[in-house]
Amino acid sequence: MNTTHLRPRAPYEGCRADFESAEIVLVGAGYDGTSSYRPGSRFAPGAIRAETFYSQEDYSPYFRRDLKEKPIHDAGDLDLPFGDRDGALALIYQTAREIFHAGKKPCFIGGEHLITLPLVQAALEAHPDLRIVQIDAHLDLMDELFGSPLSHGTVMRRCHDLLGEDRRIFQAAIRSGSKEEFEFAEAHTRLFPFHTRELAKETAALKGFPVYLTLDLDAFDPSLIPGTGTPEAGGIFFPEYIELLKALEGLNIVGCDMVELAPQLDPSNVSTIAATKILRELLMIV
Ligand code: MN
Ligand code: MN
């Protein structure tokens, strides 16, 4: 793996396989340049890694498996040119493409939600039949935000452009968006608003397809994760998330990301502790 732009970190505990033997490759991409409200997700990868060391067991009692049972390589964090949006996205794309070319699954820790666009681009090249599952409070279907087509508020619209076909994006836990975005979703995506239980019943529609899973942590209730850039009341809680993962388990998940944790916005650090556990459980089904 080309490590020129990767900064090694104290590795995620339980993810100590080397690149060659790994099935999953963990990468931090702390880009937060288009965060429209409260930036700070650039600090998420480092904060989560520290938490795996201090507070996190590698064993999941929900899935009765240990992270070490699956070979996962922690590649470190990308050294991103923060003032250069396109340069940052290009570096994320190149890294993901390399992981897909090696026949492995990327799992990226954001950063904000725009990082999903280059990841989906690389995933789609490797898996043309790709479906996307988005767990998020927001639709992220704006055509532009502040005049820009590239933003964490437009990312799913751009992913829809890339897919070039309707009903291939499954959006769940959604509870915010403009009237135009909701109309776009009704016409072009598969929308499961407010919670994830309806999506959990519909996973048969994803069977046989490669699935990219993108998890925006603001899908969770702000009382669980206040440390996020755009908190939105009325979110899901951890038990519902585990039910969703159990429903998605067994699908062909080819890559994933977890985005929008802004650790410094929560002085209690509970947001980071919860996100670290959320990521551990996600890794159980990838
Ligand atoms: Mn989002
Ligand atoms: Mn969101």
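What comes next is a walk through the structure. (Residues numbered from 1 in each chain as written. Chains lettered and ligands numbered in written order. Predicted model: local features only at pLDDT ≥ 70, side-chain atom pairs only at ≥ 80, totals over all residues. Heavy atoms only, no water.)

1. Comments concerning the overall build of the chain
Point 1. The helix and strand tally for the chain stands at eight helices and 11 strands.
Point 2. Scaling as 2.2 N^0.38, a compact globule of 286 residues should have a C-alpha radius of gyration of about 19 Å, and the chain matches this with 17 Å.
Point 3. Excluding contacts between residues fewer than 6 apart, the proportion of contacts in the chain whose partners are at least 24 apart in sequence is 76%.
Point 4. Roughly 11300 Å² of accessible area belongs to the chain as shown, and the carbon and sulfur atoms make up 52% of that amount.
Point 5. Averaging the positions of the 28 positive and the 43 negative side-chain charges in the chain gives two centres separated by 4 Å. (Helix = DSSP H or I, 4+ residues; strand = E, 2+ residues; numbered from the N terminus. Rg over C-alpha atoms; globule rule 2.2 N^0.38 Å. Contact = heavy atoms within 4.5 Å. Areas by Shrake-Rupley, 256 points an atom, 1.4 Å probe, with all protein chains shown as cover. Lys, Arg positive; Asp, Glu negative; His and termini not counted. Charge placed at Lys NZ, Arg CZ, Asp CG, Glu CD.)

2. Some thoughts on the coordination of the manganese ion (ligand 1)
For a metal bound by four donors in a tetrahedral arrangement, the ideal donor-metal-donor angle is 109.5 degrees, while six donors in an octahedral arrangement ideally sit at 90 or 180 degrees.
Point 1. Protein coordination at the manganese ion (ligand 1): the donors are His 113 (ND1), Asp 136 (OD), Asp 140 (OD) and Asp 216 (OD), at 2.1 to 2.2 Å from the metal.
Point 2. Along the chain, the residues that donate to the manganese ion (ligand 1) are spaced as H-x22-D-x3-D-x75-D.
Point 3. Between the manganese ion (ligand 1) and the manganese ion (ligand 2), the interatomic distance is 3.2 Å, and Asp 136 donates to each metal, bridging them. The exposure classification of Asp 136 matches that of Asp 140, with both residues buried. (Donors = N, O, S within 2.8 Å, 3.2 Å for Na, K, Ca; no water. Buried < 20%, exposed > 50% of the residue type's maximum accessible area, 1.4 Å probe, protein only.)

3. Comments concerning the packing of helix H3 (residues 116-126) against helix H4 (residues 155-163)
Packed helices, taken two at a time, are described by the angle their axes make and the gap between the axes.
Point 1. Look at H3 against H4: their axes get within 9 Å of each other, and the N-to-C directions meet at 20°. It follows from the interaxial angle that H3 and H4 lie roughly parallel. Every pair of crossing elements has a handedness; the one defined by H3 and H4 is right-handed. When H3 is examined against H4, the residues Thr 116, Leu 117, Val 120, Gln 121 and Leu 124 are found in contact with a partner set consisting of Val 155, Met 156, Arg 158, Cys 159, Leu 162 and Leu 163.
Point 2. For the contact of H3 with H4, the class distribution of residues is eight nonpolar, two polar and one charged. (Axes fitted to C-alpha atoms, helices over the stretch in contact; angles between N-to-C directions. Parallel < 35°, antiparallel > 145°, perpendicular 65-115°, else oblique. Left-handed = near helix turned anticlockwise from the far one by under 90°. Nonpolar A, V, L, I, M, F, W, Y, C, P; charged D, E, K, R; others polar.)

4. Considering the packing of helix H7 (residues 238-248) against helix H8 (residues 270-285)
Point 1. Relative orientation of the contacting elements H7 and H8 amounts to 15°, with a least axis distance of 9 Å. Considering their axes alone, H7 and H8 lie roughly parallel with respect to each other. In this structure, H7 crosses over H8, and the sense of that crossing is right-handed. Contact with H7, carried on its side by Phe 238, Tyr 241, Ile 242, Leu 245 and Leu 248, involves Lys 277, Ile 278, Glu 281, Leu 282 and Ile 285 of H8 and no other residues of that element.
Point 2. Among the residues forming the contact of H7 with H8, the class breakdown is eight nonpolar, no polar and two charged.

5. Structural notes on H3
Given 3.6 residues per helical turn, the α-helix brings residues three or four places apart onto the same face.
Point 1. When you tally the buried positions in H3, you get eight out of 11 residues, the bulk of the element.
Point 2. Listed in full, the buried residues belonging to H3 are Thr 116, Leu 117, Pro 118, Leu 119, Val 120, Ala 122, Ala 123 and Leu 124.
Point 3. Here the buried face of H3 lies against helix H2 (85-101), strand S6 (105-110), strand S7 (131-135), H4, strand S10 (210-216) and strand S11 (252-259).

6. Quick notes on the coordination of the manganese ion (ligand 2)
Point 1. Protein-derived ligands of the manganese ion (ligand 2) are Asp 136 (OD), His 138 (ND1), Asp 216 (OD), Asp 218 (OD) and Asp 218 (OD), with the metal-ligand distances lying across 2.1 to 2.4 Å.
Point 2. One chain supplies every donor to the manganese ion (ligand 2), and in sequence these donors are spaced D-x1-H-x77-D-x1-D.
Point 3. The exposure class of Asp 218 is buried, given its relative accessible area of 2%.

7. Remarks on the packing of aromatic side chains
Point 1. Taken as a whole and judged by the stated rule, the model has five aromatic pairs.
Point 2. Consider the rings of Phe 53 and Tyr 54, whose centres lie 5.2 Å apart with planes at 80°: the pair is edge-to-face. Like Phe 53, the residue Tyr 54 is exposed in the burial classification.
Point 3. Aromatic pair Phe 238 and Tyr 241: ring centres 5.9 Å apart, planes at 55°, arrangement tilted. (Phe/Tyr/Trp six-rings, centres within 6.5 Å; stacked < 30°, edge-to-face > 60°.)

8. Here we look at the side chain of Thr 276
Point 1. Relative to the assigned elements, Thr 276 resides in helix H8.
Point 2. Setting aside anything within four residues of it in sequence, one finds Thr 276 in contact with Tyr 12, Ile 48, Glu 51, Thr 52 and Gln 56.

Just distances and angles here, no functional claims.
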